[in-house]
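Structural description and commentary
Given next are the chains, with one letter for each unit.
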Amino acid sequence: QPDHGLLDPSVRLAWAGLLLPLMPSPSARVADLGCGTGSVSLLLAEAGHSVSGLDISPAMVGKAREKFAASGYEADLSVGDAAAPPWPPASFDAVITRHVLWAMDDPDAALTRWLDLLAPAGVLVLVEGLWWTGAGMGAAEVTDLVRRHRTEAEVVVLDDPAFWGGPVRDERFVVVSRC
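Residues numbered from 1 in each chain as written. Predicted model: local features only at pLDDT ≥ 70, side-chain atom pairs only at ≥ 80, totals over all residues. Heavy atoms only, no water.

Within the chain, the secondary structure is distributed over five helices and seven strands. Listed N to C, the secondary structure of the chain is α-β-α-β-α-β-β-α-β-α-β-β in terms of helices and strands. A globule of 179 residues ought to have a C-alpha radius of gyration of about 16 Å, and the chain, at 15 Å, matches this closely. Counting only C-alpha atoms, the chain reaches 40 × 40 × 30 Å along its principal axes. (Helix = DSSP H or I, 4+ residues; strand = E, 2+ residues; numbered from the N terminus. Rg over C-alpha atoms; globule rule 2.2 N^0.38 Å.)

Right under this line is the structure:
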């Protein structure tokens, strides 16, 4: 779906209810890796966070910039590879990805780099899934990967149709790691 369904006000509200309480402070520095057209970035910026979005697609980043220009909010939106973000270590209070980890050539190396971006006590938020097509990563695999680097990896199952605008028939979840 366009914008992963976040154009629908009720879907957007569900995601806000999930993601905003996960942020470490009301004005967190957040990296949105694989930001696409900026829907999650905008949701976070509207809540008062300082957002830096990165996506490999110039067309997607262009749409994100248009979305932000129309909204009156600001974000640093760049074209680049989520596997190798251009920012220095400890630059962010939170790193969020949505359907990105499974697409990395080397998920462990990408995750290592993402964790390096976090300031002490930073939070990692990975929205992933194992889709009915066979693409993606399951919750157990993502959790195991995170636990190679951190002690905590909490899984929240996202099977509520409110997140997707309709019923789901595959495994969808978020893994949150605070330490």
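To describe a pair of aromatic rings, you give the distance between the ring centres and the angle between the ring planes. Counted by the stated rule, this structure contains four aromatic pairs. Taken together, a centroid distance of 5.0 Å and an interplanar angle of 75° make the contact between W87 and F92 edge-to-face. Take W87 and F92: they sit in the same class, and that class is buried. One residue, R98, lies across the ring of W15, its end atom 4.0 Å from the ring centre. Directly above the aromatic system of W164 lies the positively charged group of R172, at a separation of 4.5 Å from the ring centroid. (Phe/Tyr/Trp six-rings, centres within 6.5 Å; stacked < 30°, edge-to-face > 60°. Buried < 20%, exposed > 50% of the residue type's maximum accessible area, 1.4 Å probe, protein only. Lys NZ or Arg CZ within 6 Å of the ring centre and 35° of its normal.)

Take the environment of V146 next. Structurally, V146 can be placed in helix α5 (residues 139-147). Considering only alpha carbons, one finds V146 and S41, 105 residues apart in sequence, at a separation of 23 Å. Excluding residues that lie within four positions of it along the chain, V146 makes contacts with L111, L124, L126, E152, A153, V175 and S177. (Contact = heavy atoms within 4.5 Å.)

In the Ramachandran plot, H99 falls in the positive-phi region, its phi being about 60° despite a non-glycine side chain. Its place among the elements puts H99 in the loop between β4 (92-98) and α4 (107-116). Residue H99 is classed as buried on the basis of its relative accessible area, which comes to 15%. Phi is positive for A121, close to 70°, though the residue is something other than glycine.

Looking now at the nonpolar core. Judged by nonpolar contacts, the single largest core of 32 residues is most densely connected at W15, L19, V125 and L158. Looking at this core, the elements with two or more residues in it are α1 (9-19), α2 (39-46), α3 (58-71), β4, β5 (118-130) and β7 (171-177). Residue contributions to this core peak at six residues, all from α1. With near-sequence residues (within four places) excluded, L158 lies in contact with W15, L18, V127, F163, W164, R172, F173 and V174. (Core = buried A, V, L, I, M, F, W, Y, C linked by side-chain atoms within 4.5 Å.)

What follows is about the sheet that holds β4. With respect to topology, seven strands assemble into an open sheet ordered β3-β2-β1-β4-β5-β7-β6, the strand pairing being mixed. Only two strands of the sheet have a single partner each, and these edge strands are β3 (76-79) and β6 (154-157). Going from strand to strand, the sheet's axes swing by 15° on average, the running direction of each strand aside. As defined by bridge partners, strand β2 (residues 50-55) adjoins β3 across four bridges and the pair is classed as parallel. Bridged to L54 within β3 is S78. Sheet strands in contact with α4 are β1 (29-33), β4 and β5, and its direction is about 145° off that of β5. (Pairing = 2+ DSSP bridges. Axes fitted to C-alpha atoms, helices over the stretch in contact; angles between N-to-C directions.)

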